[in-house]
Amino acid sequence: QVQLVESGGGLVQAGGSLRLSCAASGRTFSSYAIIWFRQAPGKEREFVARITGGGGYTYYADSVKGRFTISRDNDKNTVYLQMSSLKPEDTAVYYCAAPRSAYSLGSNYPEDVGSWGQGTQVTVSS
């Protein structure tokens, strides 16, 4: 399994940008897909984006497609979520996660996650 730590959250005005980072430990990082989820107050945790271990495939929720970009640098054991054109409805705690098994394509469902980061707060003001 990999251990994950998010950073980069903060307060930003609507229309602004933020870049989140997910730093991982473990020599097998490049074998794991990484998924970003988010959870707003009073709502269920929802899928945002995911990227395969080699970075060749990316998937996005419809709500963020065209505004968010997921990428990874396996030399730095880090996955990034570049968020642009932010909206107040993007306000949430953002979590990065890894599936239970290496070489998995990952899943959009929280119940399939094997490892979670601690989360980072993103607040978008109107």
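This text follows the structure it describes.
Each residue is numbered by its place in its chain's sequence as written, counting from 1. Residues qualify for local features only when their pLDDT is at least 70, as the model is predicted, and side-chain atom pairs are given and counted only at 80 or more; totals for whole chains, interfaces and linings, by contrast, use all residues. Here the side-chain values reflect all heavy atoms present in the structure, with hydrogen atoms and water set aside.

Student: What should I look at first to understand the packing of aromatic side chains in this one?
Tutor: Think of a pair of aromatic rings as described by two things: how far the centres are apart, and how the planes are tilted against each other in angle. Pairs were defined over the aromatic rings of Phe, Tyr and Trp, the Trp ring being its six-membered one, requiring ring centres within 6.5 Å. Orientation was assigned from the angle between planes: stacked under 30 degrees, edge-to-face over 60, tilted for the rest. Per the stated rule, a full pass over the model turns up three aromatic pairs. With 6.4 Å between their ring centres and 75° between their planes, F37 and F47 make a pair best called edge-to-face. Placement of F37 in strand β4 (residues 34–39) and of F47 in strand β5 (residues 46–51) is noted, with a sequence separation of 10 residues between them. Geometrically, the ring pair formed by F37 and W116 is tilted, given 5.1 Å between the ring centres and 55° between the ring planes. Remark: W116 occurs in strand β10 (residues 113–116) and F37 occurs in strand β4; sequence separation between them is 79 residues. Strands here mean DSSP runs of E at least two residues long; helices mean DSSP runs of H or I at least four residues long; both are numbered from the N terminus.

Student: Just to check I follow, could you spell out unusual backbone geometry for this structure?
Tutor: Glycine aside, a negative phi is what most residues show, and trans is what most peptide bonds show. Even without being glycine, N77 reaches a positive phi, approximately 50°. Among the structural elements, N77 can be located in the loop between β7 (68–73) and β8 (78–83). Positive phi values are uncommon outside glycine, yet Y103 reaches one of about 65°. Relative to the helices and strands, Y103 is located in the loop between β9 (92–99) and β10.

Student: I would appreciate a short explanation of the pairing of β4 in the present structure.
Tutor: Two faces make up the sheet, and in a regular strand the side chains alternate between them. Among the six residues in β4, five count as buried, and that is most of the element. For two strands to pair, DSSP has to find at least two bridges joining them. By the bridge criterion, five bridges tie β4 to β5 in an arrangement that is antiparallel. Of the residues in β5, the one forming a bridge with W36 is A49. Following β4, the chain reverses through six residues before pairing antiparallel with β5; G42 in that reversal takes a positive phi of roughly 80°. One ladder, built from five bridges, connects β4 with β9; its direction is antiparallel. Considered in β9, the bridge of Q39 is made with V93. To sort residues, take the accessible area from a 1.4 Å probe on protein chains only and compare it with the maximum for the residue type: under 20% means buried, over 50% means exposed, and anything in between is partly exposed.

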